[in-house]
Amino acid sequence: MLANVSQHVPEHVRQVLAGIVESRSEAIHVLNSFGEIEYLNRYARHLLGEHGVMAGKGTGWIALFPRSAQLEAENALLACLMGRDYRFICKSRDRQRESRYWDISVRRIENPLGTLENILVVIREVTDILDRPIGTAFDHHRAVHIGRA
């Protein structure tokens, strides 16, 4: 994935970028324009466990989702193909079979000519926020995004 970063970027900068992506606490997926996996960062591979090992280059991204979320994942890919970014919440079970909520952002990566090059997917767990009572979730949002008043 990061090998596709412009040839004008020095190698040491590409290595720094690769290190940043690998160390993120979000799951990062990079897809080609057909919706196939090109890259999964370390956290994405960890979350997928055995499926992460099998989800090599060319694996269909939509197949990683539970059936209940596959239509939403398809909509996200279609939106990117039509020029729009997409975001959705997905509920699925983790490797310990516990229900989790995931905030999934799907974004176009275009080449300098404006043509779709890749699709970037960033997945964050938001279970704690969505499972809190509404007042607590709002207080958390305000503290994080607005500052304590």
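Please read all numbers here as calculations on a predicted model, not as lab measurements.

1. Notes on the overall build of the protein
Part 1: Across its full length, the protein holds six helices and five strands.
Part 2: Listing each helix as α and each strand as β along the protein from the N terminus yields α-β-β-α-α-α-β-β-β-α-α.
Part 3: Burial analysis of the protein (149 residues in total) assigns 33% to the buried set.
Part 4: Surface summary for the protein: the accessible area is close to 9,700 Å², and the carbon and sulfur share equals 53%.

2. Re the nonpolar core
Part 1: Counting 22 residues, the largest nonpolar core has Trp-61, Phe-65, Phe-88, Ile-104, Val-106, Ile-119 and Val-121 as the members making the most contacts within it.
Part 2: Of all elements in the fold, only strand 1 (27-31), strand 2 (37-40), helix 2 (42-48), helix 4 (67-81), strand 3 (86-93), strand 4 (99-110) and strand 5 (116-125) reach the threshold of two or more residues within this core.
Part 3: Top contributing element to this core by residue count: helix 4, with five residues.
Part 4: With sequence-adjacent residues up to four places away left out, Val-106 is seen in contact with Trp-61, Ala-76, Cys-80, Asp-85, Tyr-86, Phe-88, Ile-119, Leu-120 and Val-121.

3. Brief notes about the pairing of strand 5
Part 1: Bridge count for strand 1 against strand 5 is five bridges, and the pairing is antiparallel. What sits directly across from Val-30, in strand 5, is Leu-120.
Part 2: With nine bridges connecting them, strand 4 and strand 5 associate as antiparallel partners. Residue pairing for strand 5: Trp-102 is matched across the bridge by Glu-125.
Part 3: The hairpin formed by strand 4 and strand 5 contains five residues between the paired strands, and Gly-114 there has a positive phi angle of roughly 85 degrees.

4. A closer look at the sheet that holds strand 4
Part 1: Reading across the sheet, the five strands line up as 2-1-5-4-3 and stay open at both edges, with antiparallel pairing between neighbours. Here the strands that pair on one side only, and so sit at the sheet edges, are strand 2 and strand 3. Strand after strand, the sheet turns through a mean of 25 degrees between neighbouring axes, direction not considered.
Part 2: Relative to the sheet, helix 4 contacts strand 1, strand 3, strand 4 and strand 5, its axis offset from that of strand 3 by approximately 160 degrees.

5. Remarks on the side chain of Asn-41
Part 1: As for its position among the elements, Asn-41 is in the loop between strand 2 and helix 2.
Part 2: Residue class for Asn-41 comes out buried when judged on its relative accessible area of 0%.
Part 3: Separated by 3.0 Å, the side chain of Asn-41 and the backbone oxygen of Glu-26 make a polar contact.

6. Remarks on the pattern of salt bridges
Part 1: In the structure shown here, the tally under the stated rule is five salt bridges.
Part 2: A salt bridge links Arg-108 to Glu-110, with the nearest nitrogen and oxygen atoms 2.9 Å apart.
Part 3: The exposure class assigned to Arg-108 is buried, which follows from its relative accessible area of 14%.

7. Some details on a nonpolar patch on the surface
Part 1: Where nonpolar side chains cluster on the molecular surface, the patch consists of Val-13, Val-16, Leu-17 and Ile-20 and spans about 300 Å² of accessible area.
Part 2: Summarising the element assignment, Ile-20 is placed in helix 1 (residues 11-23).

8. Focus on the side chain of Asp-103
Part 1: Along the chain, Asp-103 turns up in strand 4.
Part 2: Within polar-contact distance, the side chain of Asp-103 engages the side chain of Arg-87 at 2.4 Å.
Part 3: Apart from the residues within four sequence positions on either side, Asp-103 is in contact with Arg-87, Phe-88, Ile-89, Val-122, Ile-123, Arg-124 and Val-126.

Reading the values: the criteria
Here the residue numbering is sequential within each chain, running from 1 through the sequence in written order. Two thresholds apply to this predicted model, a pLDDT of at least 70 for residue-level local features and 80 or more for giving and counting side-chain atom pairs, whereas whole-chain, interface and lining totals are computed over all residues. The side-chain values count all of the structure's non-hydrogen atoms but skip hydrogen atoms and water molecules. Where helices and strands are cited, they refer to DSSP runs of H or I of at least four residues and of E of at least two residues respectively, numbered from the N terminus. Per-residue accessibility, obtained with a 1.4 Å probe over protein chains only, is compared with the maximum for each type, and a residue is labelled buried under 20%, exposed over 50%, and partly exposed between these values. Accessible surface area values rest on a Shrake-Rupley calculation with a 1.4 Å probe, where residue burial reflects the displayed protein chains alone. The set of buried Ala, Val, Leu, Ile, Met, Phe, Trp, Tyr and Cys residues whose side-chain atoms join them within 4.5 Å is what this entry labels a nonpolar core. A contact between two residues is defined here by any heavy atoms of the two lying within 4.5 Å. Only strands that DSSP links by at least two bridges are regarded as paired with each other. Every axis in this analysis is a line fitted to C-alpha atoms, fitted for helices over the stretch in contact. Angles between the N-to-C directions lie between 0 and 180 degrees. Within 3.5 Å is the distance limit for a polar contact, defined as a pair of N or O atoms, with the added protein rule that one can donate a hydrogen and the other accept it, and that residues adjacent in sequence qualify only through two side-chain atoms. By convention in these notes, a salt bridge is any Lys or Arg side-chain nitrogen within 4 Å of a carboxyl oxygen on Asp or Glu. Each patch is built from residues lacking any salt bridge and having more than 30% relative accessible area; the joining distance is 9 Å for like charges and 5 Å for nonpolar side chains (Val, Leu, Ile, Met, Phe, Trp, Tyr).

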